[in-house]
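# Examining the three-dimensional arrangement
In case you want the letters, here they are:
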Amino acid sequence: MEIDLTKKCVVERLELHHAEELFQLIDKSRGSLSAWLTFPTYTHSVSDTVAFIKKSLKRSEANNKLKSRLPPRTQKARQSQ
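Nothing here was measured: the structure is a model prediction, and the numbers come from that model.

### Concerning the overall build of the chain
- On a plain count of helices and strands, the chain comes out with 5 helices and 2 strands.
- What you see in the chain, going N to C, is helices and strands ordered as β-β-α-α-α-α-α.
- Here the chain holds 81 residues, and the buried ones make up 12% of them.
- Of the contacts made within the chain by residues no fewer than 6 positions apart, 38% connect residues no fewer than 24 positions apart.
- With the model as given, the accessible surface of the chain reaches about 7,200 Å², and the carbon-plus-sulfur share is 57%.

In structure tokens form, the structure reads like this:
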């Protein structure tokens, strides 16, 4: 999925083919990122970035599955409204 924000800016889902470029960006900006975020401390290689992306994709898939239906209790609450 891709969303065009402007002619020069696009938001897209993080995928495995982004790993090398993402790692290079993290590595290049490690000092400034580390002032605010913890992950640069644990990101030492492209394989660390690949592991992060795989974990994120699994989490995203699990969240999408959960959002695809309402739990029975919520359905009952909505019916009574």
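Structure shown, so let's carry the discussion forward.
### Notes on the confidence of the model for the chain
- Looking at the chain as a whole, the pLDDT averages 81, with 74% of positions reaching at least 70.
- Segment residues 74-78 is flagged for pLDDT under 50; beyond a separation of four residues in sequence, or across chains, it makes 2 contacts in the model.

### Re a nonpolar patch on the surface
- Taken together, the side chains of Trp36, Leu37 and Phe39 define a hydrophobic patch exposed on the protein surface, amounting to about 380 Å² of accessible area.
- Summarising the element assignment, Phe39 is placed in helix α3 (residues 39-42).

### Observations concerning the environment of Glu21
- With respect to the secondary-structure elements, Glu21 resides in helix α1 (residues 19-28).
- Taking C-alpha positions, Glu21 is 8.9 Å from Val46, a pair spaced 25 residues apart along the chain.

### Describing α1
- For α1, the complete set of buried residues consists of Ala19, Phe23 and Ile26. Down the axis, α1 shows its buried residues gathered within 65° of arc, on one side only. Every exposed residue of α1 that faces more than 90 degrees away from the buried side is listed here: Glu21 and Lys28.

### Digging into the pattern of salt bridges
- The tally for this structure, following the rule as stated, stands at 2 salt bridges.
- Put simply, Glu15 and Arg13 hold a salt bridge, and the shortest N to O gap is 3.4 Å.
- With a closest N to O distance of 2.9 Å, Asp27 and Arg30 form a salt bridge.
- Using a relative accessible area of 21% as the deciding quantity, one classes Arg30 as partly exposed.

### Structural notes on the side chain of Thr43
- Tracing the chain through its elements places Thr43 in the loop between α3 and α4 (46-67).
- Owing to a relative accessible area of 9%, Thr43 belongs among the buried residues under this scheme.
- The residues touching Thr43, leaving out its near neighbours within four places in the chain, are Phe23, Ile26, Arg30, Asp48 and Thr49.

Analysis parameters
Residues numbered from 1 in each chain as written. Predicted model: local features only at pLDDT ≥ 70, side-chain atom pairs only at ≥ 80, totals over all residues. Heavy atoms only, no water. Helix = DSSP H or I, 4+ residues; strand = E, 2+ residues; numbered from the N terminus. Buried < 20%, exposed > 50% of the residue type's maximum accessible area, 1.4 Å probe, protein only. Contact = heavy atoms within 4.5 Å. Areas by Shrake-Rupley, 256 points an atom, 1.4 Å probe, with all protein chains shown as cover. pLDDT = per-residue confidence, 0-100. Patch = residues over 30% accessible without salt bridge, like charges linked within 9 Å, V, L, I, M, F, W, Y side chains within 5 Å. Salt bridge = Lys/Arg side-chain N within 4 Å of Asp/Glu carboxyl O. Arc of directions from axis to C-beta.

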